[in-house]
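A closer look at the structure
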Amino acid sequence: MDHIGAVLKRAMPFQTVPPEMLQEIVKLSKLKSYARGDMIYDLDEEADDVYIVASGSVNHALRSEAGGELLEKVMRPGDVFGWAAVLTGRNRRMARTVCLERTEAIRINGGALMALIKQSPARGDVVMSRFATMITREFSASPSVAARVPHFGAADSGAAQGGSGGDGWARTMFRLSQWLKSPKPYMMLAGYAMLLGFWYFTVEVWKLPRFRDMPGLTTVFTEMFNRHPVYGLSIYTPEYYDHIWASVRRVATAFFLATGLGVPLGLFLGWSKTFREYVFPIFETLRPIPILAWVPLAILMFSGTETPVIFLTFLASFFATALNTMLGVESIDESYSRAAYCLGASKWQVFREVIVPGSMPYIFTGLQISVGVAWFSLVAGEMVSGEFGLGYVINTSYTMVQYPTIVIGMVTLGAVGYVTSAMVRVVGDMMMQWRVRELALGGR
């Protein structure tokens, strides 16, 4: 069984399936031996099994679209054939396969495989898309043949509901059901429960030396959800949302500025060696300077109280975005650019079609870090020169000895920061569907 699993993992359609699905496919598989000259199947026979070469070699003679000439291809270990078993419509063999030597092949029942795939539509769509790619690229079959590869994902459910709105809703509901079936939400709740339990017992029950002066869980909870808060700030007071809106507005402004300037700078730093030699030393000199060290200059350079805070928030976000983008460009294998140049691509086409898409995973990783450090820097800026905002709440609460309000500001800051980081991640997933299919649906 381990041998069958190892061969399946090498086969193109199954390279991205998660381990649990792979084990189910192994259960549907049988290893069969053939002698040299044995015919595994012939043209127009019923297509019921998918085959993968485990050892040896097979001559695969595919009937051309015109119906006369046979297109021959030698199948070696790891190669998949017999894919007519997964096509929709009349499943008849489109090729003749003969063993060139003593051969072992894995046989997978096509009907059972399709039934298994239907249980996980989104993952099944990845398997089917890889079947379609394999059919057109490796077998030079016509697009009409690949078009017969079925799809079982949310799109089918959406079609049944009559439109693209149903498609999106079905996809969302499927992902939600998969998430609820996984251990992730319950592990997340367990983690929060442990954190709150630690807070409650160390402060209110055990009253440990380092924790007994902190505001307790019940005190903070009561104040945060009190219609008439003792210290004047709760979810029922308008000032609470004024502070949130002020902070969100500043972070959004700084983040979009950092993205608009940092991503192009990072792309050019990674792409052009000459540009990097001029600019990167200056970049690396400024990057380690702490945000608080910029506070006096920010107040001198910018008038008012709003612009210095946005500038301080922008700085850390900008450096994180530019650096990760540069690393993303440097991570791209140079052979891709060389191949594009050999095919006649211009320098601008290489930049647009190779450099930018190839660095996207690093860019969005940098943007998630960027939005996090933007919140971190915002608090520092608001503590110094802000009049509203969550950092201002935390600082003034400390000076006025309103300790529960400090924790309320911190909890709110963490929740809003989590949401903004998740939004960046969602946008990244939307712009990089290829990566979502290869990684997320691959079980990582």
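Residues numbered from 1 in each chain as written. Predicted model: local features only at pLDDT ≥ 70, side-chain atom pairs only at ≥ 80, totals over all residues. Heavy atoms only, no water.

When you tally the buried positions in strand 4 (residues 58–63), you get five out of six residues, the bulk of the element. Relative to strand 5 (residues 70–75), strand 4 is paired through six bridges, and the arrangement is antiparallel. Paired with Arg63 across the strands is Leu70, a residue of strand 5. Bridging between strand 4 and strand 7 (residues 95–99) involves five bridges; their strand directions are antiparallel. Bridged to Leu62 within strand 7 is Ala95. (Buried < 20%, exposed > 50% of the residue type's maximum accessible area, 1.4 Å probe, protein only. Helix = DSSP H or I, 4+ residues; strand = E, 2+ residues; numbered from the N terminus. Pairing = 2+ DSSP bridges.)

A few words now on the packing of aromatic side chains. Enumeration over the complete set of coordinates arrives at 23 aromatic pairs. Here the aromatic rings of Tyr200 and Phe201 are separated by 5.4 Å at their centres, their planes lie at 80°, and the arrangement is edge-to-face. Residue classification places Phe201 among the partly exposed positions, given a relative accessible area of 36%. Judged by centre distance (6.3 Å) and plane angle (65°), the ring pair of Phe268 and Phe275 falls under edge-to-face. What links up through ring pairs into an aromatic cluster is the set Phe268, Trp271, Phe275, Trp348 and Phe351. (Phe/Tyr/Trp six-rings, centres within 6.5 Å; stacked < 30°, edge-to-face > 60°.)

To continue, consider the nonpolar core. Among the nonpolar cores identified, the biggest contains 50 residues, and Leu8, Phe14, Ile52, Trp83, Ile108 and Phe131 are the most heavily contacted of them. Ignoring anything within four residues of it in the chain, the contact list for Trp83 reads Leu62, Met94, Phe131, Met134, Ile135, Phe139 and Val145. Val354, Val393, Leu413 and Val424 belong to the second-largest nonpolar core, a separate cluster that totals 36 residues. (Core = buried A, V, L, I, M, F, W, Y, C linked by side-chain atoms within 4.5 Å. Contact = heavy atoms within 4.5 Å.)

Once that is clear, we can look at the side chain of Thr237. Its place among the elements puts Thr237 in the loop between helix 9 (217–224) and helix 10 (238–271). On the accessibility criterion, Thr237 (9% relative accessible area) is buried. Polar contacts involving the side chain of Thr237 include one to the main-chain carbonyl oxygen of Ser234, which spans 2.8 Å. Residue contacts for Thr237: discarding those within four places in its chain leaves Pro229 and Gly232. (Polar contact = N/O pair within 3.5 Å; in protein donor to acceptor, adjacent residues only side chain to side chain.)

On to the environment of Ile106. For Ile106, the position within the fold is in strand 8 (residues 103–109). Placed 199 residues apart in sequence, Ile106 and Thr305 show a C-alpha to C-alpha distance of 71 Å. If we ignore the near neighbours within four places in the chain, the residues touching Ile106 are Ile4, Val7, Ser29, Lys30, Leu31, Val50, Tyr51, Ile52 and Ala54.

Another aspect to go through is the sheet that holds strand 7. Working definition: the strands of a sheet are paired by backbone hydrogen bonds and lie parallel or antiparallel to each other. Spatially, four strands are ordered 2-7-4-5 in an open sheet, and the strand pairing comes out antiparallel. A single partner strand is all that each edge strand has here, and the edge strands are strand 2 (39–41) and strand 5. The sheet shows a mean angle of 25° between the axes of neighbouring strands, taken without regard to direction. With two bridges joining them, strand 2 and strand 7 adopt antiparallel strand pairing. Residue pairing in the sheet places Met39 in a bridge with Val98 of strand 7. (Axes fitted to C-alpha atoms, helices over the stretch in contact; angles between N-to-C directions.)

So, about the sheet that holds strand 8. Sheet architecture is open: four strands sit in the order 1-8-3-6, paired in antiparallel fashion. Either end of the sheet is taken by a strand with one partner, and the two such strands are strand 1 (29–34) and strand 6 (80–81). In the sheet, strand 3 (residues 49–55) pairs with strand 6 via two bridges, with the strands oriented antiparallel. Looking at the pairing, Ile52 lines up with Val80 of strand 6. Most of the contacts of helix 1 (residues 2–10) go to strand 3, to which it runs at about 105°, and overall it touches strand 1, strand 3 and strand 8.

From the geometry alone we can't say anything about function, so treat these as descriptive.
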